[in-house]
Amino acid sequence: MTVTVLINLRIVDPSQNMDETGAIVIEDGKIVAIGAAATVPAGAEIRDMGGLLAMPGLVDTRVFIGEPGGEHRETIKSASRAAAAGGITSIVTMPDTDPVIDDIALVEFVKKTARDKSAIHVYPAAALTKGLAGEEMTEFGLLKKAGAVALTQGKHAIPDSQVLRRAMTYAKHFGAVVALEPRDPYLGVNGVMNEGLFASWLGLSGSPREAEIIPLERDLRIAGLTGANYHAAKISVPESVEAIKLARKRGVKVTSGVSINHLTLNENDIGEYRTFFKLSPPLRTEDDRVAMVEALAAGDIDIVVSSHDPQDVDTKRVPFADAADGAVGLETLFAAALRLYHAERITLSRLVDALSTRPAAIYSLPAGSLKPGSNADIAFADLDMPWIATAEGLLSRSKNTPFENARFSGRIVETWVSGNPVYRLQG
Amino acid sequence: MDFFPHRHLLGIKGLQPHDIEYLLDKADEAVKISRQREKKTSTLRGLTQINLFFEASTRTQSSFELAGKRLGADVMNMSVANSSVKKGETLIDTAMTLNAMHPDVLVIRHSSAGAAALLSQKVSCAVINAGDGQHEHPTQALLDALTIRRAKGRLSGITVAICGDVLHSRVARSNIILLNAMGARVRVVAPPTLLPSGIADMSVEVFHDMEEGLKRADVVMMLRLQRERMSGSFVPSVREYYRFYGLDAEKLKAAKEDALVMHPGPMNRGVEIASEIADGPQSVIGQQVEMGVAVRMAVMEALLVSQNQGPRA
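Here the structure is a predicted model, which is why all the values come from computation and not from measurement. (Residues numbered from 1 in each chain as written. Chains lettered and ligands numbered in written order. Predicted model: local features only at pLDDT ≥ 70, side-chain atom pairs only at ≥ 80, totals over all residues. Heavy atoms only, no water.)

A. Looking closely at the overall build of chain B. Along its length, chain B carries 11 helices and 9 strands. In terms of C-alpha radius of gyration, chain B reaches 19 Å, essentially the compact-globule figure of 20 Å for 313 residues. When its C-alpha atoms are laid out on the principal axes, chain B stretches across 55 × 45 × 40 Å. In chain B, which comprises 313 residues, the proportion classed as buried is 58%. For chain B, long-range pairs separated by at least 24 residues make up 73% of all intrachain contacts whose partners lie at least 6 apart in sequence. Total accessible area on chain B is roughly 12900 Å²; 48% of this is exposed by carbon and sulfur atoms. Distance between charge centroids for chain B: 3 Å, based on 37 positive and 34 negative side chains. (Helix = DSSP H or I, 4+ residues; strand = E, 2+ residues; numbered from the N terminus. Rg over C-alpha atoms; globule rule 2.2 N^0.38 Å. Buried < 20%, exposed > 50% of the residue type's maximum accessible area, 1.4 Å probe, protein only. Contact = heavy atoms within 4.5 Å. Areas by Shrake-Rupley, 256 points an atom, 1.4 Å probe, with all protein chains shown as cover. Lys, Arg positive; Asp, Glu negative; His and termini not counted. Charge placed at Lys NZ, Arg CZ, Asp CG, Glu CD.)

B. Molecular detail of the overall build of chain A. Counting its secondary structure elements, chain A contains 12 helices and 18 strands. The C-alpha atoms of chain A give a radius of gyration of 21 Å, which matches the 22 Å a tight globule of 427 residues would have. Summarising its shape, the C-alpha atoms of chain A cover approximately 65 × 50 × 45 Å along the three principal directions. The burial tally for chain A puts 60% of its 427 residues in the buried class. Considering only intrachain contacts with a sequence separation of at least 6, the fraction spanning at least 24 residues in chain A is 74%.

C. Examining the interface of chain B and chain A more closely. Each partner contributes to the interface: chain B provides 24 residues, whereas chain A provides 15 residues. Between chain B and chain A, roughly 1500 Å² of surface is buried when both sides are summed, and carbon and sulfur atoms account for 62% of that area. Considering only the side of chain B, the residues that lose the most area to chain A are B:Ala113, B:Ser197 and B:Met202, jointly responsible for 28% of the buried surface there. Run the count over chain B and chain A and you get 1 salt bridge. Here A:Glu272 and B:Lys13 are joined by a salt bridge, their closest N and O atoms 3.8 Å apart. Counting across the interface, chain B meets chain A through 4 residue pairs in polar contact (both at pLDDT 80 or more). Elements that contribute at least two residues to the side of chain B that touches chain A include exactly helix H3 (91-99), helix H4 (115-122) and helix H6 (170-181) of chain B. Across the side of chain B that touches chain A, the residue classes break down as 10 nonpolar, 8 polar and 6 charged. (Buried area = accessible area lost by both parts, 1.4 Å probe. Salt bridge = Lys/Arg side-chain N within 4 Å of Asp/Glu carboxyl O. Polar contact = N/O pair within 3.5 Å; in protein donor to acceptor, adjacent residues only side chain to side chain. Nonpolar A, V, L, I, M, F, W, Y, C, P; charged D, E, K, R; others polar.)

D. Representation of the layout of surface pockets in the model. Counted as a void, the second largest pocket has a volume near 430 Å³. Taken together, 25 residues make up the lining of the second largest pocket; nearest its centre are A:Arg274, A:Thr275, A:Phe276, A:Lys316 and A:Arg317. Among the secondary structure elements, those contributing two or more residues to the lining of the second largest pocket are helix H10 (313-316) of chain A together with H4 of chain B. Residue classes in the lining of the second largest pocket are distributed as 9 nonpolar, 8 polar and 8 charged. (1 Å grid on protein atoms, 1.4 Å probe; cavity = no way out; pocket = protein on both sides within 12 Å on 5 of 7 lines; lining within 4 Å. Points joined across faces, edges and corners; volume = space filled by probe spheres on them.)

E. Layout of the pattern of salt bridges. Residue and element names in this part refer to chain A. Taken as a whole, this structure holds 36 salt bridges over all chains when the rule is applied. The salt bridge partner of Glu286 is Arg289, with a shortest N-O separation of 2.9 Å. Remark: Arg289 and Glu286 occur in helix H9 (residues 286-298); sequence separation between them is 3 residues, near one turn of the helix. Taking the relative accessible area as the measure of exposure, Glu286 reaches 32% and is therefore partly exposed.

F. Highlighting the nonpolar core. A:Met55, A:Ile91, A:Leu128, A:Tyr230, A:Leu263, A:Val304 and A:Phe334 are the most contacted members of the largest nonpolar core, which has 100 residues in total. The greatest single-element share of this core, amounting to 7 residues, is contributed by helix H11 (residues 333-342) of chain A. Not counting residues up to four positions away in its chain, the partners in contact with A:Phe334 are A:Leu53, A:Met55, A:Leu58, A:Gly86, A:Leu355, A:Ala381 and A:Ile412. By size, the runner-up hydrophobic cluster in this structure holds 90 residues, among which are B:Ala141, B:Ala161, B:Leu178 and B:Met297. (Core = buried A, V, L, I, M, F, W, Y, C linked by side-chain atoms within 4.5 Å.)

G. Structural view of a positive patch on the surface. Residue and element names in this part refer to chain A. Positive charge collects at one region of the surface, where Lys77, Arg81, Lys117 and Arg397 lie side by side. With respect to the helices, strands and loops of the structure, Lys77 is situated in helix H1 (residues 76-85). By relative accessible area, Lys77 is classed as partly exposed at 45%. (Patch = residues over 30% accessible without salt bridge, like charges linked within 9 Å, V, L, I, M, F, W, Y side chains within 5 Å.)

H. Representation of the pairing of strand E16 (residues 378-388) of chain A in the model. With 4 bridges connecting them, strand E5 (residues 53-56) of chain A and E16(A) associate as antiparallel partners. Considered in E16(A), the bridge of A:Ala54 is made with A:Phe380. (Pairing = 2+ DSSP bridges.)

I. Spotlight on the packing of helix H1 (residues 17-35) of chain B against helix H5 (residues 138-152) of chain B. Residues and elements named next belong to chain B. Following both chains from N to C, one finds H1 and H5 inclined at 75 degrees, their axes separated by 10 Å at the closest point. Here H1 lies roughly perpendicular to H5, going by the angle between them. Residues Ile20, Glu21, Leu23, Leu24, Asp25, Ala27, Asp28, Val31 and Arg35 of H1 form the contact with H5, whose own contacting residues are Leu142, Ala145, Leu146, Arg149 and Arg150. Among the residues making up the contact of H1 with H5, the classes are represented as 8 nonpolar, no polar and 6 charged. (Axes fitted to C-alpha atoms, helices over the stretch in contact; angles between N-to-C directions. Parallel < 35°, antiparallel > 145°, perpendicular 65-115°, else oblique.)

J. Quick peek at the packing of aromatic side chains. For the structure shown, the criterion picks out 7 aromatic pairs over all chains. Seen in terms of ring centroids, A:Phe380 and A:Trp416 are 5.8 Å apart; in terms of plane orientation they differ by 70 degrees. Their pairing is edge-to-face. Here A:Phe380, found in strand E16, pairs with A:Trp416, found in strand E17 (residues 407-417); they are 36 residues apart in sequence, far enough to count as distant. Through pairs of rings, three or more aromatic residues link up here, namely A:Phe140, A:Tyr170 and A:Phe174. The ring of A:Trp387 has A:Arg411 lying over it, and the distance from NZ or CZ to the ring centre is 3.9 Å. For the cation-ring pair, B:Lys251 lies above B:Tyr242, with the distance from its terminal atom to the ring centre recorded as 5.9 Å. (Phe/Tyr/Trp six-rings, centres within 6.5 Å; stacked < 30°, edge-to-face > 60°. Lys NZ or Arg CZ within 6 Å of the ring centre and 35° of its normal.)

Pasting the structure below:
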């Protein structure tokens, strides 16, 4: 058995409250020792990492892919390469494909394709309702057995509260997380950006924050009624954070996530109709952004997701209101998140927690930790390396990044899965 | 200032007061040309103008067409109803196709906000926004300003009440920006469902009561209410709307005696305006149409001729 020892690392692992300089000893794809006290066994292959940051491979639980049905936008293979370049070693894929992932055969298809084509771990989330139509529930038990790690409506709402109640009641029995993006299907239905003065000047229909808050409050009540594990997958306003805090006080089992875009961008970035900034939920005000960062730092929001959503020119190079929502984000997730750390808004440990340890725990994935015995899924980063993101530099098939030509400090240098490098920064 | 430092006219936003003055002065000259027996000049001789209208519009399209012809340009109207655009070709692909024909100016109307700006990034000629969704309709605001300036002698200090469906109106947005830039006082008068979010921060006074909003106004500018918005979705009914927000003789009494009555057309008589007012002595609706041609001549000349005489902004 080869034993590899990586020395001279700053190790940040929230799962064991570790932030120290030390070494990682890897044997047979697993971590056997870690930290300042880890000793180098005889005959080990030693590599000096030059002071890089080592953290548990990132876990991105909201990733939209084009396979099956939209392979020109993204395949499982291209997404996995992009993820690896972003230090992400586990992704949870959304069922919004064509066909929708609402059947065990399709869950198996994703898992098989991932096994053959992907260098990282791919965990499918299955549709909560057939065809994501919000009417009939899918086979939760069988889907879970086939490997689905969560149930979700992806980008779709569930207008009928009765359907949601039954689905959550049934899901509770199988212990599945129900991850929803709260969005009112009527209020602000034509809204293409945050409602307010800026939208009014641009002549664009707005979506009010209440279109998120109202369905979230409904979902929280139904989660309380049914006892299900509810995950508010993408929230964007502080009122949502407050609603979740109150629900927790009532004993509701609820966790929440926010996209990196809502932590680093605001509605003004839309400028003159830049469609790469058209997202759902829409980018909010700067005050909202600041409040979301504070809530994340305080732990009131649990996790950060890329909400990676590849779109081609046919859906983005059109007038703003006609453009599809979404932005790619796997490759820029960590670099963009470091902006919050460099601005001293959040500790590195909490950031890694929100990007790896917590999402792994919420979705019950074997990830998010570098404890001895864990898979050696590790992301290595230079915390200060300056670089500029370019569309051409992206490995993703789609180039709809809101961070085109953005300047970043800090970059993923290497990504390992089960003790093997799957990505190495060139040059 | 004797040149126009802009490549396109995408909106009133982005124009300085002196740019607006420049266009209005030029338009005053153009009015004279249109009133002569010989209306054709050679200002744009040899240049090609394409009118690309994705939304049906009789008056704006003919106004642009006439303006181009009076300046001597070759004018082509691209009818979108029969074109590949309906078959799913994107706006950008259409633009690239037209661009390959080497037009000198593209006049575009489209139902989506930002369409003119998007087009301008992809073509190598001047682009004039003839209305993009609910965003802007700059030549309408310019012709309204010209009409007011010719009747009142100035824009500064004039009180203008913009009444009706402000929410969906690109005309209102362009007018609010232009009139504020020129020192006029702008009021909006509408039921709350027809006002955009944040209206109070758009440098206007907001009224929901028509007579209060019209009090001592110099200009009453009515907006069109589209038929599909009249029956329950934004206002309960036509008769209720007309009762509270239709301009009739009684409500007009609140404005100054010599107040101008304006409407961008086409009018819904008996919905937002009474016929006797539309055809009455205070109405300048006919003049607005005349000023429309003049303003469009001025804009095209400014973009295609004067713009080349000075440094670009």
